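Okay, here's what each chain looks like letter by letter:
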Amino acid sequence: MSDLGRKKSVLLVDAMGLYLRHYIAHPALGRDGQHVGGIIGFLQDLKKIIEKFRPNPVYIVWEGGGSPRRRAIYADYKKRRRPQRLNRFYSDDMSSGSGSNDQIKILIKLLKYTPICQIYVEDCEADDVIGYMARYHSKDALNVILSADKDYYQLISDGAIIYSPTWKRLVQEVDVIERFGIHPVNFSLAKSICGDDSDNIPGVDGVGFKTLAKRFACLSESKETTITELLEQANQLLKDGTKIKAIQNIADNELLIRRNWSLINLDTSNLAAYQITKINSICNNFSPTRNKIEFIRTLLGEGIQTFNVDQFFLSLIHIQSK
C-alpha cells in the first residue's frame, strides 16, 4: 500500500451512499423541527476526511439515474432499487422540506458555495465515474474513495485506497483478503461468480467467497486471474476426478460468470464516450469558489443553526484549482 505522504491525494466521495447513511441515522433537526441529519452528517463526515487526508481536489460524485448499458445486458439489474436521477436538483429552484430529496437539493446547493467539485453524469452510476477517475483521470495521484460500498474493493491498489465511514478507517488489501480470502485484483471475478444480492445479480449456485477462496487459492494472490484461467482450472479439477459440486457448477456457468463480470467490473466498458468526455470536462474546467456568506444564508434559510461553518471552511482552505 502506498505511503500516503508520497503522492498528491484526491478525494472521491460516493455521495449518495454517504448521504443516505446520515439521512437514515442522524437525528439532527432544524429550527422548525424538520429532519436535517442527512445534510449535517454528510458535511461533518466530509470535513473529517478532508482534515485527515488533505486532498486536493475533492470530487463529490452523485448518481446519474442508473446504467442503461447494464440494464441492456441484464434487465433485472438493480430491479429492486433503481438509482434516482438528480439532474433536476442542479437548478436553483430549491424547496424547503424534511424529505430525502429536499435535503439532497439543499446539500447540492451548499456545496456549490465551496471549492469542492460535484460530478453528475446522466445515465451513469457513481461507481463507474469513481472507477474511471481512480483508474484513468487521477491515476498519478493517490485516490481516496470515501464509501462503505464493497463494489469499490476491486479498485484498491497502490493508486487507490478506501476509507469506510462505517469502520471509520481505511480498508486495505489485507482487510479484503482476511475477510473474503480474495485479493482486490480478483474481487470482480469473485463477485461475478458469487453474485451480488444488493444489485440483484444472481451468482453460481452453491458458491460463496469462502468456497471460492478454498478451491482456487490463486484468487488470494496479487496476480490477476482471468475468467478463462479460472474456468480452465475448474475443468482440470473435474478431469482429475473431483466430485465437488461447486466446481462443476462453476464449469457449467461460463455465460453467467461472463455476464456478471460485465455488470460488476468498474472500467470504461459501461461508459459511453460522451460520458467520459463530460467527466473530464467537469473536472478540468471546474473553478473553485468560496462563498461563506451564501453558505450560511442557505443554512439559516433551512433552519440549520448548529453547524460550525467556520471550521468547515477552514478544512477547505488548502483546496486549489487543480
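Below is a short write-up of the structure. (Residues numbered from 1 in each chain as written. Predicted model: local features only at pLDDT ≥ 70, side-chain atom pairs only at ≥ 80, totals over all residues. Heavy atoms only, no water.)

## Some remarks on the sheet that holds strand 1 (residues 9–14)
Here is the rule: Paired strands, in this sense, are two strands between which DSSP finds at least two bridges. Secondary structure elements are defined from DSSP: runs of H or I of at least 4 residues count as helices, runs of E of at least 2 residues count as strands, and each element is numbered from the N terminus. Throughout, an axis means a line fitted to C-alpha atoms (over the contacting stretch in the case of helices), and angles, computed between N-to-C directions, take values from 0 to 180 degrees.
The six strands lie next to each other as 3-2-1-4-5-6, forming an open sheet whose pairing is mixed. The open sheet has two edge strands with one neighbour each: strand 3 (117–119) and strand 6 (169–171). This sheet shows a mean twist of 30° between the axes of neighbouring strands, independent of strand direction.

## A word on empty space enclosed by the protein
Selection rule: Only protein atoms enter the calculation, which uses a 1 Å grid: trapped sets of points that fit a 1.4 Å probe without letting it out are cavities, open sets showing protein on both sides within 12 Å along at least five of seven lines are pockets, and any residue with an atom within 4 Å of a point is a lining residue. Grid points are joined across faces, edges and corners, and a volume is the space filled by probe spheres set on the points.
With the rule as written, the count across this model stands at one cavity of 30 Å³ or more. One number sums up the size of the largest cavity: a volume of about 70 Å³. Forming the walls of the largest cavity are Arg 70, Tyr 77, Glu 125, Asp 127, Asp 151, Asp 196, Asp 199, Ile 201, Leu 263, Ile 264 and Leu 266.

## Details of the pattern of salt bridges
How we decide: Definition used for salt bridges: Asp or Glu carboxyl oxygen within 4 Å of a side-chain nitrogen of Lys or Arg.
Applying the stated rule across the entire model yields 14 salt bridges. When the shortest N-O distance is used, the salt bridge between Arg 31 and Asp 32 registers 3.8 Å.

## Points about the packing of aromatic side chains
Filter applied, for reference: Any two rings among Phe, Tyr and Trp, with Trp reduced to its six-membered ring, count as a pair given centres within 6.5 Å; such a pair is stacked if its planes are under 30 degrees apart, edge-to-face if over 60, and tilted if neither. Using a 1.4 Å probe on the protein chains alone, a residue whose accessible area is under 20% of its type maximum counts as buried, one over 50% counts as exposed, and one in between counts as partly exposed.
Applying the stated criterion across every chain, the model contains 14 aromatic pairs. Summarising the aromatic geometry, the rings of Phe 42 and Trp 62 are spaced 6.2 Å apart at their centres and angled 5° between planes, so their arrangement reads as stacked. Of this pair, Phe 42 sits in helix 2 (residues 37–53) while Trp 62 sits in the loop between strand 2 (58–61) and helix 3 (68–73); the two residues are 20 residues apart in sequence, bridging distant segments of the chain. Given the relative accessible area of 1%, Trp 62 is considered buried.

## Let's talk about the pairing of strand 2
In strand 2, alternate side chains face the same way, and those of Val 58 and Ile 60 on one face and Tyr 59 and Val 61 on the other are all buried. When strand 1 meets strand 2, the two strands line up parallel, connected through four bridges. Bridged to Leu 11 within strand 2 is Val 58. As paired strands, strand 2 and strand 3 are joined by three bridges and run parallel to one another. Among the inter-strand pairings, Ile 60 is bridged to a residue of strand 3, identified as Gln 118.

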